Amino acid sequence: MAVPVDEAIAALSTFSLEDDQPEIQGPGFWVSSERGATTSPIEYVDVSAYRLSLSEDTKAINQLNLLMREGKEMGSVLYTYRSCVKALPQLPDSMKHSQADLYLETYQVLDLEMSRLREIQRWQASASSKLAADMQRFSRPERRINGPTITHLWSMLKLLDVLIQLDHLKNAKASIPNDFSWYKRTFTQVSVQWQDTDSMREELDDLQIFLSTRWAILLNLHVEMFRVNNVEDILQVLIVFAVESLELNFALLFPERYILLRVLPVLVVLAASSEKDSESLYKRVKINRLINIFKRQYLIINHIGAIRAEHDDFSIRFASALNQLSLLRSMDGADVEWAKEVKGNVYDMVVEGFQLLSRWTARIWEQCAWKFSRPCKDPVSTESHETASFSDYEKVVRYNYSADERKALVELVSYIKGIASLMQKSDTLVADALWETVHAEVQDFVQNTLATMLRTTFRKKKDLSRILSDMRTLSADWMANTSKPDSEMPAFQQGGEESRANFFYPRPVAPTAAQVHCLQYLIYEVVSGGNMRKPGGLFGNTGSDIPVNDLKQLETFFYKLGFFLHILDYSATVAMLTDVGFLWFREFYLESSRVIQFPIECSLPWMLVDHVIESQNAGLLENVLMPFDIYNDAAQQALVVLKQRFLYDEIEAEVDNCFDIFISKFCDAVFTYYKSWAASELLDPSFLFALDIGEKFSVQPMRFSGLLKMTRVKLLGRTINLRSLTTERINKVFRENIEFLFDRFETQDLCAIVELEKLLEILQLAHELLSKDLALDSFSLMLNEMQENVSLVSYSSRLASQIWTEMQNDFLPNFILCNTTQRFVRSSKVPPAPVPKPSVPHAKPNFYCGTQDLNSAYQSYARLHSAFFGLPHMYSTVRLLGSRSLPWLIRALLDHLSNKITTLEPLITGLQNALPKSIGLLPFDGGVAGCVRIVQDHLNCWQSKSELKIEALRGIKEIGSVLYWMSLLDIVLREVDTSQFMQTAPWLGLTPGVDGQVIQFQDSEDSPIISLFKSIATTSNPSFSNPSSLRVLSRQAEAADLLYKSNINAGSVLEYSLAFTSAALDKYCSKWSVIPKTGFVDITTSKDFYRIYSGLQMEYLEEAVQAQPSRHGMLGDSIAWGGCTIIYLLGQQLHFELFDFSHQVLNVAEVEVAAIASAHKNPHIVQGLEGLLEAMKKGRRMNNHVFSMLKARCPLEDKQACAIRQSGAPLHRIKFDNTVSAFETLPQKGA
């Protein structure tokens, strides 16, 4: 069934075609090679219909306009001319026989270019002759024709301007005479065989004279103009008209103003060719008036303050006028006077906007010309070169703009493009209002103002009354008039009828170009009476009998007529006024520098873009895309105006290069800002508050959000998704940053893991902040990708492998434990094992914390944790590895521990074999010194086993380090599990009991999370469209309940490690813990592990009190953890405490000290052994501490172990056979 049209239209009206992309780019007129209707030449074909005797004048205007268009094309040829000789090949000596063919080919190539120059020569002669004849026509003593009209004056000036520009271009192109000389040389060579070349030689001679003579075109014009006398009159008229137009700002568009500025000096020179003419000229136009016209401040920086105020004021008032117009269009039956006022206000705002745009773009033109005429005298290169040479273009552009001038230029270009975008966007909204206002202005003047003049001022002046009536006839719209035309009314009614104004309805019907042309001519006739020599200028009151008020009304309407055509051609006018493509063109300097093209560092548009990015100015940042509109304008000129594809190709190549660099720099700036913001947010607020210079760690807000929403950047007719490109690049930068952090960590030791976590935390927060504006990849995905941990069956990440490598190669061999501080520190006594590491990667500051100040702050924080490994590092390790890679690392460490025990077995066996067959208890008779000597005698058997002793101690020390590392990990994991339990317990229905145990609901009862979703699923809500999804949520809640309840009774990593160690020791139990044959304790002949460790402990305690080397500084407290754990797990703790050499010595010392104290003697009997005894006491305290911990965590009477899931979650204790094979399968619950 077909949808009714009304409903379809109503449905379409609900769709919005707007998006949230901000307007931070110019209007972006599409680059096109076609001529639009707005740029078509204006032909005054309907002038003859008005019967004003202007047909001859109009014909001359059309001829001048045709010549002017042809001249502009000639100018494009000259401007874009590049030397052909440079591209000609040079024949090697081996091909000299082909010289004639080369000359012929060269002639054919150059002849095409020379034909264009001949065409320019012929055209300029024709144009000069026509312009001179036209001027002479109006300089005759007798006035036989009407005119010149204002349009005719403009046509003369424009054609003269084209001739002037052509002459300048011809003089500036040094490559043209050079190419011509080659052309003439090749012509001489190839024309030898030709016949009848005299005419061609004459043409060549004429062309040579034309090209080699400076100002040949103006000299020819001067000759043509002064073939007859009396041309001075029309020249003075043109000068007066130009001066008045410049002084009164009659030229609405800056191109018209610059035409007047260019031709005025030439006109003055032509008009003052003799002393008499000069006197006559300076009587009409004072020299000071001419001087004041050219007195201006050309630098934008001197005007930027006023320009800012003008921009802000106009933007507000223009938006207000548009709002009023939108309100008017939405109302039915609005008051006619109010509607007229609103539309008139819009018209005034558009005129003011055009004037502002014209004035601002003119400022850029003028500054550009000022800079070109005043190059930098002493350029300073930012690059380090011993001898730097600078091209002329670098001196006038690259080194000729200061930072403030670049900033002002960016601002002004942004203001121009911003206002242009605002006006272009409202084109359809204001079109009818503009046309109606123009119609109302014309009709009010011709129907009311002229009617009043006819009844009063010009009542008895028949000639002038006829002119005014002609004005009414050719432009009055009686169809819009509610009253009758004058022809149907009694002429000049008396009384109240005289002042009655005609009322007409506004219609969007504007006057044609011919009507405007004729009206200006008629007003000129009324004011001047056809006398070009009238003193006082065009609207001066000297010698005129027209009242001042009437003259003012005529002048006002005369100038408004000049605006009408530009207002009606709205889009074309906006495009012309905002064209700043000239900032890119550099043809003159390419020729003078003899280069193909300049680097982009010399290109002004790119200099502005680069300045915005490098300056980090928050106010300029949103304008960073505006300078790219310069490329759009330049490309449009290259294709439409200059019609040269090679210029467009050069622009396109530069834009491609610049935009790639821009994307790179822009993304770096975005990444740096968000990275600095994240680093600043993560700094401790109390630290910043305590600092006097805390503000340097803060980050100034930058408005990147608008740029990051840009999905349609218009560039050279293409639409570029800046948001997509930025997202792609930022994703790559994040991956590179993560890669860099891992590479950097791989060059450091394990203590740097805290710094790594902090840097990754900063990076993650930066990712979170940036994800609000960009659709970035998940940070966890990027992190896993860089860790090579994306596969579902991969449990070993890059970071876990690096931590394990560091522990194996550096941490376990070279770090010692301080049990008091619970820290591992690098031993200063152990010679560092050579660990091959890559060199430290180099990166920009934004790969750290963003800025140098923030980098230094976080480096200070990192230095606090760089000299030890403790609980902070363990927390970082757990958080970074997560539950996926941590079990792999634990397993790797336990395997390493098992391998160490295996490696230790032959060492212990070697030491056992070297012990004496019998070692008895130490006697109390010999005292402490005697006991020490007896022990030393027993252990002298190890003198030849020094290598075995060292290796054994290191092995035991590494075992102890692994176990203590597991204890730190156990502390951290328990805290993590507790935190998770506190979060999940309320949802699982778990409450603490009286004795601290967890009380759980009965099996028949559901947990709160299941009950909640079940109640939602069973509740019938008709407004909910998909009730099945609630049932799915209920089932998922049940699965979550089972998952979290199964992980409540988590096991201990330390207990698991001790059970694993016990299982590994069971293999060597028969060698290290021999059961006595008699069944009694073997005191003298035992060589169990406790005896070996006791001897090793005694020796390293003795060495610890000596000066060099410090054995304790090499082994630390890890040796006690390793030795005592093995002793405890072998069931030898009591034997060790009874028969340990240091224990026995301490017992003897206690008895001896007590005996001496009872005899009231000085206890100097142990003199010299105080340090050893103190070391033995510390060792005993350390051993007791380890044994007490082992008893608490691993009671020998009930050997149990815990398993760890693949996910990393420990299970509660599970009883199983205590063998190494049991740990290989990681048994599950119920196994």
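Definitions and limits used
Residues numbered from 1 in each chain as written. Predicted model: local features only at pLDDT ≥ 70, side-chain atom pairs only at ≥ 80, totals over all residues. Heavy atoms only, no water. Helix = DSSP H or I, 4+ residues; strand = E, 2+ residues; numbered from the N terminus. Buried < 20%, exposed > 50% of the residue type's maximum accessible area, 1.4 Å probe, protein only. Contact = heavy atoms within 4.5 Å. Areas by Shrake-Rupley, 256 points an atom, 1.4 Å probe, with all protein chains shown as cover. Expected span 1.5 Å × (residues − 1). Pairing = 2+ DSSP bridges. Patch = residues over 30% accessible without salt bridge, like charges linked within 9 Å, V, L, I, M, F, W, Y side chains within 5 Å. Salt bridge = Lys/Arg side-chain N within 4 Å of Asp/Glu carboxyl O. Lys, Arg positive; Asp, Glu negative; His and termini not counted. Charge placed at Lys NZ, Arg CZ, Asp CG, Glu CD. Axes fitted to C-alpha atoms, helices over the stretch in contact; angles between N-to-C directions. Parallel < 35°, antiparallel > 145°, perpendicular 65-115°, else oblique. Nonpolar A, V, L, I, M, F, W, Y, C, P; charged D, E, K, R; others polar. Core = buried A, V, L, I, M, F, W, Y, C linked by side-chain atoms within 4.5 Å. Phe/Tyr/Trp six-rings, centres within 6.5 Å; stacked < 30°, edge-to-face > 60°. Lys NZ or Arg CZ within 6 Å of the ring centre and 35° of its normal. Polar contact = N/O pair within 3.5 Å; in protein donor to acceptor, adjacent residues only side chain to side chain. pLDDT = per-residue confidence, 0-100. Left-handed = near helix turned anticlockwise from the far one by under 90°.

Draft legend 1. Highlighting the overall build of the protein. Scanning the protein from terminus to terminus reveals 46 helices and 9 strands. Counting over 1231 residues, the protein shows a buried share of 50%. For the protein, the share of sequence-separated contacts (at least 6 apart) that also reach a separation of at least 24 residues comes to 79%. For the protein, the exposed area adds up to about 59,100 Å²; of that, 54% sits on carbon and sulfur atoms.

Draft legend 2. Highlighting helix α44 (residues 1141-1158). Taking 1.5 Å as the rise per residue, α44 with 18 residues should run 26 Å; its terminal C-alpha atoms sit 26 Å apart, in good agreement. Buried within α44 we find F1141, S1142, H1143, Q1144, V1145, L1146, V1148, A1149, E1152 and I1156. Looking at the buried positions of α44, the neighbouring elements they touch are α34 (927-939), α40 (1089-1104), α43 (1133-1139) and α45 (1170-1193).

Draft legend 3. Local environment of the environment of L357. As for its placement among the helices and strands, L357 is situated in helix α13 (residues 336-373). Between the alpha carbons of L357 and T578 there is a distance of 6.8 Å; along the sequence they are 221 residues apart. In contact with L357, other than residues within four places in its own chain, are I416, I419, A420, M423, L577 and T578.

Draft legend 4. Looking closely at unusual backbone geometry. The residue W215 is not glycine, and still its phi comes out positive at about 60°. By the element assignment, W215 lies in the loop between α6 (198-212) and α7 (216-225). A residue is classified by how much of its surface remains accessible, and W215, at 32% relative accessible area, is partly exposed. A positive phi angle, close to 55°, is found at Q616, a residue other than glycine. Within the fold, Q616 resides in the loop between α22 (604-615) and α23 (618-621).

Draft legend 5. Structural context of the sheet that holds strand β3 (residues 815-818). Strand order across the open sheet formed by 3 strands is β3-β4-β5, with antiparallel pairing between neighbours. Each having just a single partner strand, β3 and β5 (868-869) make up the two edges of the open sheet. Summarising the sheet, β3 and strand β4 (residues 823-826) pair through 4 bridges and their orientation is antiparallel. By the bridge assignment, C818 is partnered in β4 with R823.

Draft legend 6. Representation of the environment of W338 within the structure. Inspection of the secondary structure puts W338 in helix α13. What makes W338 partly exposed here is its relative accessible area of 27%. If sequence neighbours within four positions are ignored, W338 has contacts with Q324, L327, L328 and M331.

Draft legend 7. Geometry of a negative patch on the surface. A cluster of like negative charges, contributed by D196, D198, E202 and D206, occupies part of the molecular surface. As for its position among the elements, E202 is in helix α6. Under the relative-accessibility criterion, E202 is labelled exposed at 54%.

Draft legend 8. Seen up close, the packing of helix α15 (residues 403-425) against helix α20 (residues 570-577). Orientation of α15 relative to α20, taken along the N-to-C sense of each, is 170°, at an axis distance of 10 Å. Between α15 and α20, the angle falls in the class roughly antiparallel. On α20, the residues touching I416, A420, M423 and Q424 of α15 are Y570, S571, V574 and L577. Within the contact of α15 with α20, the residues separate by chemical class into 6 nonpolar, 2 polar and no charged.

Draft legend 9. Representation of the nonpolar core in the model. By size, the foremost hydrophobic cluster in this structure holds 345 residues, and its most contacted members are I364, F662, F704, W965, L969 and W1072. If one sorts the elements of this core by residue count, helix α33 (residues 871-914) sits on top with 18 residues. Excluding anything up to four places from it in sequence, W1072 contacts I901, L904, E905, I908, Q912, L1065, D1088, F1089, I1126, L1130 and Q1132.

Draft legend 10. Local environment of the packing of aromatic side chains. Scanning the model with the defined rule gives 52 aromatic pairs in all. With centroids separated by 5.2 Å and ring planes inclined at 10°, the aromatic side chains of Y107 and Y183 adopt a geometry described as stacked. Of this pair, Y107 sits in helix α3 (residues 99-137) while Y183 sits in helix α5 (residues 175-190), and the two are 76 residues apart along the sequence. Neither Y107 nor Y183 differs from the other in exposure class; each is buried. Taking 6.3 Å as the distance between ring centres and 35° as the angle between the ring planes, the aromatic pair formed by Y1090 and F1139 counts as tilted. Linking Y1090 in helix α40 with F1139 in helix α43, this pair joins segments that are 49 residues apart in sequence. The two residues Y1090 and F1139 agree in class, both being buried. Just above the ring of F210 sits the side chain of K170; from NZ or CZ to the centre is 5.3 Å.

Draft legend 11. Layout of the side chain of D579. By the secondary structure assignment, D579 is in the loop between α20 and α21 (587-593). As a buried residue without a salt bridge, D579 has its nearest oppositely charged side chain in K417, at a separation of 6.1 Å. Within polar-contact distance, the side chain of D579 engages the side chain of Q637 at 2.8 Å.

Draft legend 12. Molecular detail of the confidence of the model for the protein. The pLDDT averaged across the protein works out to 82; a share of 84% of its residues lies at or above 70. By mean pLDDT, helix α46 (residues 1220-1224) is the weakest element of the protein at 39, and helix α29 (residues 753-770) is the strongest at 95. Segment residues 30-42 is flagged for pLDDT under 50; beyond a separation of four residues in sequence, or across chains, it makes 23 contacts in the model.

Draft legend 13. Main features of the pattern of salt bridges. Going through the model one piece at a time under the given rule, you end up with 45 salt bridges. Of the charged contacts, one joins R262 and D161 as a salt bridge, the two residues approaching to 2.6 Å between their closest N and O atoms. Pair noted here: R262 is in helix α9 (residues 254-271) and D161 is in helix α4 (residues 150-172), with a separation of 101 residues, a long-range link. Between K949 and E1099 there is a salt bridge; the shortest N-O distance is 2.6 Å. Linking K949 in helix α35 (residues 946-988) with E1099 in helix α40, this pair joins segments that are 150 residues apart in sequence. Using a relative accessible area of 12% as the deciding quantity, one classes K949 as buried. With a relative accessible area of 12%, E1099 lands in the buried category. Salt bridges sharing partners connect three or more residues here, namely E739, D743, E746 and R798.

Draft legend 14. Representation of the packing of helix α16 (residues 427-455) against helix α19 (residues 548-568) in the model. Orientation of α16 relative to α19, taken along the N-to-C sense of each, is 155°, at an axis distance of 11 Å. The angle between the axes of α16 and α19 places the two elements in the roughly antiparallel class. The chirality of how α16 crosses α19 is left-handed. Along its contact with α16, which presents L434, W435, V438, E441, V442, F445, T449 and M453, the element α19 presents D550, Q553, L554, F557, K560, F564, I567 and L568. The residue makeup of the contact of α16 with α19, split by class, is 11 nonpolar, 2 polar and 3 charged.

Draft legend 15. Summary view of the pairing of β4. Bridge count between β4 and β5: 2 bridges; the pairing is antiparallel. Looking at β5, one finds that F824 is bridged to F869.

Draft legend 16. Structural detail: the side chain of D810. Here D810 lies in helix α31 (residues 798-814). Here the side chain of D810 touches N814 through a polar contact of 2.8 Å, side chain to side chain.

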